[in-house]
Amino acid sequence: MPDIIKIGNRKIGIPLLGIGLALTVFGMSLFFNKTLMRLGNLFFVAGVPVTIGPGRTVGYFFQPKKARAT
């Protein structure tokens, strides 16, 4: 994969992670506001695969040795 695509994805993924973390912390500071925490989780979960790449994400979650535990 070209380096420019990897850098471009990280430019999108890192702010998604930051927004998710900020919304989650802000939701917790407002006595566990459900809406802010849900938005924070969505942004965080969307930011992880964009930051590390879809191939590494799939490789991490679908490892054969981890499939035994389910």
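Residues numbered from 1 in each chain as written. Predicted model: local features only at pLDDT ≥ 70, side-chain atom pairs only at ≥ 80, totals over all residues. Heavy atoms only, no water.

## Re unusual backbone geometry
Move 1: You will see that phenylalanine 31, though not glycine, has its phi angle at about 60°, which is positive.
Move 2: Backbone geometry places phenylalanine 32, a non-glycine residue, at a positive phi of 60°.
Move 3: Structurally, phenylalanine 32 is set in the loop between helix H1 (3-29) and helix H2 (34-52).
Move 4: Owing to a relative accessible area of 56%, phenylalanine 32 belongs among the exposed residues under this scheme. (Helix = DSSP H or I, 4+ residues; strand = E, 2+ residues; numbered from the N terminus. Buried < 20%, exposed > 50% of the residue type's maximum accessible area, 1.4 Å probe, protein only.)

## Structural notes on the confidence of the model for the chain
Move 1: Per-residue confidence for the chain averages 83 on the pLDDT scale, and 83% of its residues sit at or above 70.
Move 2: The secondary-structure element of the chain with the lowest mean pLDDT is helix H4 (residues 64-67), recorded at 75, while H2 shows the highest, at 91. (pLDDT = per-residue confidence, 0-100.)

## Details of the environment of leucine 21
Move 1: Relative to the assigned elements, leucine 21 resides in helix H1.
Move 2: Counting along the chain gives 18 residues from leucine 21 to leucine 39, while the straight-line C-alpha distance between them is 9.8 Å.

## A short note on the environment of glycine 53
Move 1: Mapped onto the fold, glycine 53 is located in the loop between H2 and helix H3 (54-61).
Move 2: In this structure, the C-alpha to C-alpha distance between glycine 53 and asparagine 9, residues 44 residues apart in sequence, is 7.8 Å.

## Quick look at the packing of aromatic side chains
Move 1: Using the criterion set out here, one finds one aromatic pair in the structure.
Move 2: Relative to phenylalanine 61, the ring of tyrosine 60 lies with its centre 5.1 Å away and its plane at 80°, an arrangement referred to as edge-to-face.
Move 3: By relative accessible area, which is 45% here, tyrosine 60 ends up partly exposed.
Move 4: Phenylalanine 61 gets classed as exposed once you look at its relative accessible area, which sits at 55%. (Phe/Tyr/Trp six-rings, centres within 6.5 Å; stacked < 30°, edge-to-face > 60°.)

## Details of the packing of H2 against H3
Move 1: The interhelical angle for the contact between H2 and H3, taken along N-to-C directions, is 110°, at an axis separation of 6 Å. Classified by the angle between their axes, H2 and H3 sit roughly perpendicular to one another. Mapping the contact onto sequence places Val48, Pro49 and Ile52 in H2 and Pro54, Arg56 and Thr57 in H3.
Move 2: Across the contact of H2 with H3, the residue classes tally to four nonpolar, one polar and one charged. (Axes fitted to C-alpha atoms, helices over the stretch in contact; angles between N-to-C directions. Parallel < 35°, antiparallel > 145°, perpendicular 65-115°, else oblique. Contact = heavy atoms within 4.5 Å. Nonpolar A, V, L, I, M, F, W, Y, C, P; charged D, E, K, R; others polar.)

## Focus on a nonpolar patch on the surface
Move 1: Residues Val58, Tyr60, Phe61 and Phe62 make up a contiguous nonpolar surface patch of roughly 490 Å² in combined accessible area.
Move 2: The residue phenylalanine 61 is located in helix H3 in this model. (Patch = residues over 30% accessible without salt bridge, like charges linked within 9 Å, V, L, I, M, F, W, Y side chains within 5 Å. Areas by Shrake-Rupley, 256 points an atom, 1.4 Å probe, with all protein chains shown as cover. Salt bridge = Lys/Arg side-chain N within 4 Å of Asp/Glu carboxyl O.)

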